[in-house]
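# Examination of the molecular architecture
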Amino acid sequence: EKGNYRHFMLKEIYEQPETVGRTMTNYVDEFRLSADAPEGLGFAKIDRIIIIACGTAYYAAMVAKYWFEQIADIAVDIDVASEFRYRSPVVSQDSLFIAVSQSGETADTLAALRYCKDKGLRTAALVNVMTSTMAREADIALPINAGPEIGVASTKAFTSQLTALASLTLAAGRARKTISRDAEIRLTRALTQTPRLIKEALLLDESIEAIASDLSGKSSAFYLGRGAQTPIALEGALKLKEISYIHAEGYAAGELKHGPIALIEDGTPVIVIAPYDTLFEKTVSNLQEVASRGAFIILVTDETGAASAKDMADEIIVLPNSDSFVAPIVMSIAIQLLAYHTAVARGTDVDQPRNLAKSVTVE
Ligand code: F6R
């Protein structure tokens, strides 16, 4: 039931303080401040992780690549399932395969799981539906426990996928001894703060709605990010296009000058995802490059970032400060609300966008 919400999507956006907290209880011991992963994943011994998914779940995998490589020093290959399954991928027995899928039924992702299982890899499925085919067929089923997601555009499943993958990263870091106990405590504490930070982010709803009313009159938009915010830029563009039908592209900010900048005209909206982290200055310089070509800049940042760059944007969305580890989760709330309100302003069918199905069980 939608309760007091106008759409399932909005209800699901608002559930996220709770759903992210629930995901965490499957992995994080809040008293010991450490994360646990099922033994069978074998984090201490593997030499590589292969994460396969589609759509929004693929962007969660992309964030996880940054995390696992930086924190747990494991090589991570990611791919969209429809490409992976048909390109004769070379896989080694020492790799761990993880499928990420809200439904656990997506045909291409399931085929990728079966391919790797046949090759003798240890397989895991990170799913929302624990009775799904992937959960049954993988060696290890990993829950996100976000509750049923009705809106076709994925929101709470995405932040729960991120939360579970962040937890697994910390467990892998401990198993592989790549992080000190102090670092583990700091990162785990940061993760346990996310439900509160999401709650604060949701308070921006009205101000984001006002910005969305400007965006709703545009015919195309660009999203930029760097590092672990790159997938959030891609996800922001996906959310916007699927429910508002505005043409939207996400790019790694550093790629801009290699082509896409040619599309920037006077008034072209560019949504820049840039919390104050080690890449902030670099992203801001990309922001200036497009601003000087007339782009309409919507800066999505945190309090520290806002203090340093607020004069450079036409509109600004200021999220609470967070550890850069969990910032992709916090930033997600802004891009979801922005897409939602833009679509509502355009009068589209937010919960049932044209041409889309909730679960893609055909190739
Ligand atoms: C986008 C969206 C889709 C799904 C994709 C994978 O909002 O919902 O891109 O993320 O179809 O679905 P699952 O996660 O069920 O495998």
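Rules used in this analysis
Residues numbered from 1 in each chain as written. Predicted model: local features only at pLDDT ≥ 70, side-chain atom pairs only at ≥ 80, totals over all residues. Heavy atoms only, no water. Core = buried A, V, L, I, M, F, W, Y, C linked by side-chain atoms within 4.5 Å. Buried < 20%, exposed > 50% of the residue type's maximum accessible area, 1.4 Å probe, protein only. Contact = heavy atoms within 4.5 Å. Pairing = 2+ DSSP bridges. Helix = DSSP H or I, 4+ residues; strand = E, 2+ residues; numbered from the N terminus. Axes fitted to C-alpha atoms, helices over the stretch in contact; angles between N-to-C directions. Polar contact = N/O pair within 3.5 Å; in protein donor to acceptor, adjacent residues only side chain to side chain. Near = heavy atom within 4 Å. Areas by Shrake-Rupley, 256 points an atom, 1.4 Å probe, with all protein chains shown as cover. Nonpolar A, V, L, I, M, F, W, Y, C, P; charged D, E, K, R; others polar. pLDDT = per-residue confidence, 0-100. Expected span 1.5 Å × (residues − 1). Phe/Tyr/Trp six-rings, centres within 6.5 Å; stacked < 30°, edge-to-face > 60°. Arc of directions from axis to C-beta. Salt bridge = Lys/Arg side-chain N within 4 Å of Asp/Glu carboxyl O.

## Things to note about the nonpolar core
Ranked by size, the top nonpolar core spans 96 residues in total, and within it Phe43, Phe68 and Tyr223 carry the most contacts. Those residues in contact with Tyr223 that sit more than four places away from it in its chain are Ala233, Gly236, Ala237, Leu240, Ala248, Glu249, Gly250, Tyr251, Ile271, Ile273, Ile335 and Leu338. Leu224, Ile261, Phe280 and Ala295 belong to the second largest nonpolar core, which has 18 residues in total.

## Looking at the sheet that holds strand S3 (residues 48-53)
With parallel pairing, the 5 strands of this open sheet are ordered in space as S4-S3-S5-S6-S7. Each having just a single partner strand, strand S4 (75-80) and strand S7 (140-143) make up the two edges of the open sheet. For this sheet, the mean inter-axis angle between neighbouring strands, taken without regard to orientation, is 20°. Pairing of strand S6 (residues 122-127) with S7, which is carried by 4 bridges, proceeds in the parallel orientation. Paired with Leu126 across the strands is Leu142, a residue of S7. Its contacts with the sheet place helix H3 (residues 55-72) against S3, S4 and strand S5 (95-101), and it is angled at close to 170° to S4.

## Some thoughts on the side chain of Asp108
Following the sequence through the fold, Asp108 ends up in helix H5 (residues 107-118). The class for Asp108 is buried, based on a relative accessible area of 11%. At a separation of 2.6 Å, a polar atom in the side chain of Asp108 contacts the side chain of Arg85. Look past the residues within four positions of Asp108 in its chain and what remains in contact with it is Cys54, Ala81, Ser82, Arg85 and Glu363.

## Describing the site of the ligand
If you check the shell around the ligand, you find 13 residues, and the closest are Ser101, Gln102, Ser103, Thr106 and Glu242. Here an oxygen atom of the ligand and a side-chain polar atom of Ser101 are 2.6 Å apart. Here Ser103 contributes a side-chain N or O atom positioned 2.7 Å from an oxygen atom of the ligand. Taken by itself the ligand offers 410 Å² of open surface, and the protein chains cover 89% of this. Where the shell around the ligand is concerned, the elements lending two or more residues are H3 and helix H11 (230-244). For the shell around the ligand, the element with the highest residue contribution is H3, accounting for 3 residues. Across the shell around the ligand, the residue classes tally to 4 nonpolar, 7 polar and 2 charged.

## A short note on the confidence of the model for the protein chain
On average, residues of the protein chain score 96 in pLDDT, and 100% of them are at 70 or above. Taken over the whole predicted complex, pTM reads 0.98, whereas the ipTM for its chain interfaces reads 0.98.

## Side note on H5
Look at H5: 16 Å from first C-alpha to last across 12 residues, which is about the 16 Å you get at 1.5 Å a residue. The complete set of buried residues in H5 reads Ala107, Asp108, Thr109, Leu110, Ala111, Ala112, Leu113 and Cys116. Check the buried side of H5 and you find it contacts S3, helix H4 (81-84), S5, S6 and helix H6 (133-137). Positioned one or two residues after H5, Gly120 has a phi angle of 90°, which is positive.

## Notes on the packing of aromatic side chains
Per the counting criterion, the structure on display carries 7 aromatic pairs. With 5.8 Å between their ring centres and 55° between their planes, Tyr58 and Tyr59 make a pair best called tilted. Tyr59 gets classed as buried once you look at its relative accessible area, which sits at 17%. Chaining the aromatic ring pairs together yields one cluster made of Phe84, Phe97 and Tyr115.

## Looking at helix H10 (residues 205-215)
Residue pairs three or four apart in sequence face the same way in an α-helix, which turns once every 3.6 residues. Where H10 is concerned, the buried positions are Asp205, Ile208, Ile211, Ala212 and Leu215. In an axial view of H10, the angular spread of the buried residues amounts to 120°, which keeps them on one side of the axis.

## Section: the pattern of salt bridges
With the rule as written, the count across this model stands at 19 salt bridges. One salt bridge connects Asp36 with Arg174, and the closest N-O pair in it is separated by 3.2 Å. With Asp36 in the loop between strand S2 (34-35) and S3 and Arg174 in helix H7 (residues 156-175), this pair connects stretches of sequence that are 138 residues apart. In this structure Asp36 comes out as partly exposed when scored by relative accessible area, which is 36%. A relative accessible area of 29% means that Arg174 is categorised as partly exposed. For Arg181, the salt bridge identified is with Glu184, shortest N-O distance 2.9 Å. Of this pair, Arg181 and Glu184 both sit in helix H8 (residues 181-192), 3 residues apart, roughly one helical turn. Given a relative accessible area of 41%, Arg181 falls into the partly exposed group. The class of Glu184 is buried, set by a relative accessible area of 4%. Put simply, Asp29, Arg32, Asp36, Arg174, Arg181 and Glu184 are held in one network by salt bridges that share partners.

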